[in-house]
Amino acid sequence: MTNQDSFNHLLILYATETGNTQDAADTIARQCRRLSLRARILSIEDYPLPDLVSEELVIFVVSTTGSGQEPRSMTPFWHMLLRSDLPTDLFEDMTFAVFGLGDTAYEKFCWPAKKLSRRLLSLGAVELCERGEADDQHQLGIDGALVPWIETLLRALLGYLSLPPGMTDTQPSSAPPPRVRLTRIEATSDKNQPQIPSRESRYQAKVKCNTRITATDWFQDVRHLELDFDQDIQYSPGDVAVIYPIASSKDVDSFLQDMEWASGADDAYTMEHIMSDQTLPSNLPSVITFKELFTRHLDFNAVPKRSFFQYLRYFATDELEVERLDEFLSLEGADELYDYCFGVRRTIREVLMEFRHTKIPKDYIFDIFPPLRPRQFSIASSVKKHPRQIHLCIAIVKYRTKLKVPRRGVCTSYISRLEPGNELLIGIQRGFIRLPPDKNTPILCIGPGTGIAPMRSVIEERIHAGSTANTLYFGCRSASKDHHYGSEWTEYAERQKIAYRPAFSRDGPTGTKRVYVQDRIEQYAEETWELVGKAGAWVFISGSSNKMPTAVKNAIKAAAEIYGGYSADDASRYIEDMIQEGRLIEECWS
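No experiment lies behind these values; they were computed from the predicted model shown. (Residues numbered from 1 in each chain as written. Predicted model: local features only at pLDDT ≥ 70, side-chain atom pairs only at ≥ 80, totals over all residues. Heavy atoms only, no water.)

Within the chain, the regular secondary structure consists of 18 helices and 22 strands. Its C-alpha radius of gyration of 26 Å places the chain within 12% of the 25 Å reference for a compact globule of 590 residues. For the chain, the spread of C-alpha atoms along the three principal axes comes to 75 × 60 × 50 Å. For the chain, the proportion of its 590 residues judged to be buried stands at 55%. Of all intrachain contacts in the chain linking residues separated by at least 6 positions in sequence, the fraction that spans at least 24 positions is 79%. (Helix = DSSP H or I, 4+ residues; strand = E, 2+ residues; numbered from the N terminus. Rg over C-alpha atoms; globule rule 2.2 N^0.38 Å. Buried < 20%, exposed > 50% of the residue type's maximum accessible area, 1.4 Å probe, protein only. Contact = heavy atoms within 4.5 Å.)

With that settled, the discussion passes to a negative patch on the surface. Taken together, the side chains of Glu319, Glu323, Glu327, Asp335, Glu336 and Asp339 make up a negatively charged region of the molecular surface. Those elements giving two or more residues to the negative patch turn out to be helix H8 (319–329) and helix H9 (334–342). A relative accessible area of 52% means that Asp339 is categorised as exposed. (Patch = residues over 30% accessible without salt bridge, like charges linked within 9 Å, V, L, I, M, F, W, Y side chains within 5 Å. Areas by Shrake-Rupley, 256 points an atom, 1.4 Å probe, with all protein chains shown as cover. Salt bridge = Lys/Arg side-chain N within 4 Å of Asp/Glu carboxyl O. Lys, Arg positive; Asp, Glu negative; His and termini not counted. Charge placed at Lys NZ, Arg CZ, Asp CG, Glu CD.)

Okay, the packing of aromatic side chains next. A full pass over the atoms with the stated rule returns 27 aromatic pairs. Measuring from ring centre to ring centre gives 6.5 Å for Phe255 and Trp261, while their planes differ by 85 degrees; the resulting arrangement is edge-to-face. When sorted by exposure, Phe255 lands in the same class as Trp261, which is buried. Ring geometry for Trp261 and Phe290: centres 5.2 Å apart, planes at 85 degrees, overall edge-to-face. (Phe/Tyr/Trp six-rings, centres within 6.5 Å; stacked < 30°, edge-to-face > 60°.)

This paragraph deals with unusual backbone geometry. For Cys110, which is not glycine, the phi torsion reads 55 degrees and is therefore positive. With respect to the helices and strands, Cys110 occurs in the loop between strand S4 (95–102) and helix H3 (111–122). With a phi angle near 60 degrees, Arg388 is a residue other than glycine that sits in the positive phi range. Take Arg388: it is sitting in the loop between strand S13 (375–378) and strand S14 (389–395). For Arg388, a relative accessible area of 36% translates into the label partly exposed.

This part takes up the pattern of salt bridges. Evaluation of the coordinates by the stated rule reveals 37 salt bridges. Arg179 is the partner of Asp26 in a salt bridge, and the nearest nitrogen-oxygen pair spans 2.9 Å. In this pair, Asp26 is assigned in helix H1 (residues 20–32) and Arg179 in the loop between helix H4 (143–160) and strand S7 (180–185), connecting sequence segments 153 residues apart. Of the two residues, Asp26 and Arg179, neither departs from the other in class, the shared state being buried. Ionic pairing is found between Arg456 and Glu488, a salt bridge with its closest N-O pair at 3.0 Å.

Further remarks concern the side chain of Thr65. By the secondary structure assignment, Thr65 is in the loop between strand S3 (57–62) and helix H2 (75–81). Taking relative accessible area as the criterion, Thr65 reaches 12% and is therefore assigned buried.

This next bit is on the packing of helix H13 (residues 452–464) against helix H14 (residues 486–494). Any two packed helices are characterised by the angle at which their axes cross and by the distance between the axes. Where H13 meets H14, the closest approach of the two axes is 12 Å, and the angle between their N-to-C directions is 30 degrees. With respect to H14, the element H13 is oriented roughly parallel. Where H13 crosses over H14, the two elements pack in a sense that is left-handed. Residues Ile452, Arg456, Ile459, Glu460 and Ile463 of H13 pack against Glu488, Trp489 and Tyr492 of H14. (Axes fitted to C-alpha atoms, helices over the stretch in contact; angles between N-to-C directions. Parallel < 35°, antiparallel > 145°, perpendicular 65-115°, else oblique. Left-handed = near helix turned anticlockwise from the far one by under 90°.)

Right, let's talk about the confidence of the model for the chain for a bit. Model confidence for the chain is summarised by a mean pLDDT of 91, while 94% of its residues fall at 70 or above. Scored below 50 in pLDDT, residues 1–7 shows 20 contacts in the model against residues more than four places distant or in partner chains. (pLDDT = per-residue confidence, 0-100.)

Here we come to the side chain of Gln429. Relative to the assigned elements, Gln429 resides in strand S17 (residues 423–429). On the accessibility criterion, Gln429 (18% relative accessible area) is buried. A polar side-chain atom of Gln429 sits 2.6 Å from a polar atom in the side chain of Gln376. (Polar contact = N/O pair within 3.5 Å; in protein donor to acceptor, adjacent residues only side chain to side chain.)

Read from one edge to the other, the open sheet built from 5 strands follows the order S20-S19-S18-S21-S22, with strand pairing classed as parallel. Edge positions in the sheet fall to strand S20 (499–504) and strand S22 (584–589), since each of these pairs with one other strand and no more. Averaged over all neighbouring strand pairs, the angle between strand axes comes to 10 degrees, with direction disregarded. Here strand S21 (residues 538–544) runs beside S22; their pairing, made up of 6 bridges, is parallel. Bridge assignment links Ile541 to a residue of S22, and that residue is Glu586. On the sheet, helix H16 (residues 525–534) packs against strand S18 (443–446), strand S19 (470–476), S20 and S21 and is oriented at approximately 130 degrees with respect to S19. (Pairing = 2+ DSSP bridges.)

Counted by the stated rule, this structure contains 0 disulfides. Cys393 supplies the cysteine sulfur nearest to Cys209, a cysteine that is in no disulfide, at a spacing of 12 Å. Looking at Cys209, the relative accessible area reads 17%, which means it is buried. Summary of cysteine pairing: Cys411 is not part of a disulfide, and the nearest cysteine sulfur, belonging to Cys393, is at 15 Å. Taking relative accessible area as the criterion, Cys411 reaches 2% and is therefore assigned buried. (Disulfide = S-S within 2.5 Å.)

See below:
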């Protein structure tokens, strides 16, 4: 395809867990307008997969979740691509590019994007340009790789397409059209009625309890929540609850006052989606007020991306603000932008207060402000033990930036305010954990900190089924301060339902080596190999993705070497085989 018709046939498919790839897809589509390309953007879960064989030009934007796994929304697509009966020339008419999002804190950096590239090539597709890989550890975040990769992509598209005379790759000097057109209307009975999105089942829940389970004098506030439902619900161990945060009315009112939008905060607007190559939040009502928008749908407390500063530059009129924005957006100003914004986690609201002469046109609110994203939390209960209930174990996010400014997570702040009797919508997503089909197959659960949540779900499910072949490694700092569900584990151990191996890293004498879950596994290395190597135990790892998952797998490798007689290379291959067989499953997050 190398003619004028191609200019409306670019498809961008994104697969995301948290929304970052959706933002990246929007950015790519905006930049493709420089070649007069108008892209179609779709979540991969909303795209009819059989149609892919007819596509000629596709850009895939794919995030990484867990430890090298594809986003849940991508799983059906990936399983379809892995079918052994697919012909090797299936996509011979497709030209594609892949941009992956990942984090080098994980072992398998951008793994889904790498696997997707290889599989498409094996099915006959042609790669347009080198794959892009964004590292969340980069000082500019995703933009550190996305911005230069887009330039590579556009150069490749210039070579691929036969452009009409006079058409060139040009940088826009004025603001692109806004995504929406807002029209003020008289208030109607429909306003402020959120449209419930349909990507996963959602249920009305009522808070039964919201209890702090860390000591009152402990630095971290961890909550145990119990949510009641008036209907039967179904979920499996390892599944995820999706919570849609609501910003506090005090913060919203103050923000609207700062933006000089307070006087019309309750005016009703209709929204017309006029730029189809830019996405919108999927749960927007047809009629809404600004107060409702910033309460439920748009996030003014997010750390802005580089594109935010580009939009500010379009609207800036003050000479000093223009000069500063030009410096931020220059190649030489990348470090200064990092120091000003990303390194200290300055929020959109704080930036707008500093650039107070720059006024945002109302039609551009969806271009300036990112969606108020839902947050995912591993379910900490078994529905078989707690029918019509979901339990959650959630750490309330609170910290100080490098500027000593206090911060609270938007969603966990909302959760911390919930009281018994309050109602909220809960979504349920399939997790990555699968239990062994035989209840007598041993399992090892490793879940330090709030990583205990899915492990609690697993253990409750197993005990309900009559299994006693369960070993739990839990790690925290102090047995008396943050020993989540400690009394439950002790009781189960006394009843011989589990073997319990806790690690309290700060309870040892001063100057002694701190003990973590991986150290406990090393301590019980012979038992570990008896279970894993001889009895075929399954291993579940949950918690932070920093060093813990790798350290745990290294401890199991060491057990294979010492008590299984494996060489170092063979022990590594044994762990990889466990992963491939589904006997070692990680549910980790950064």
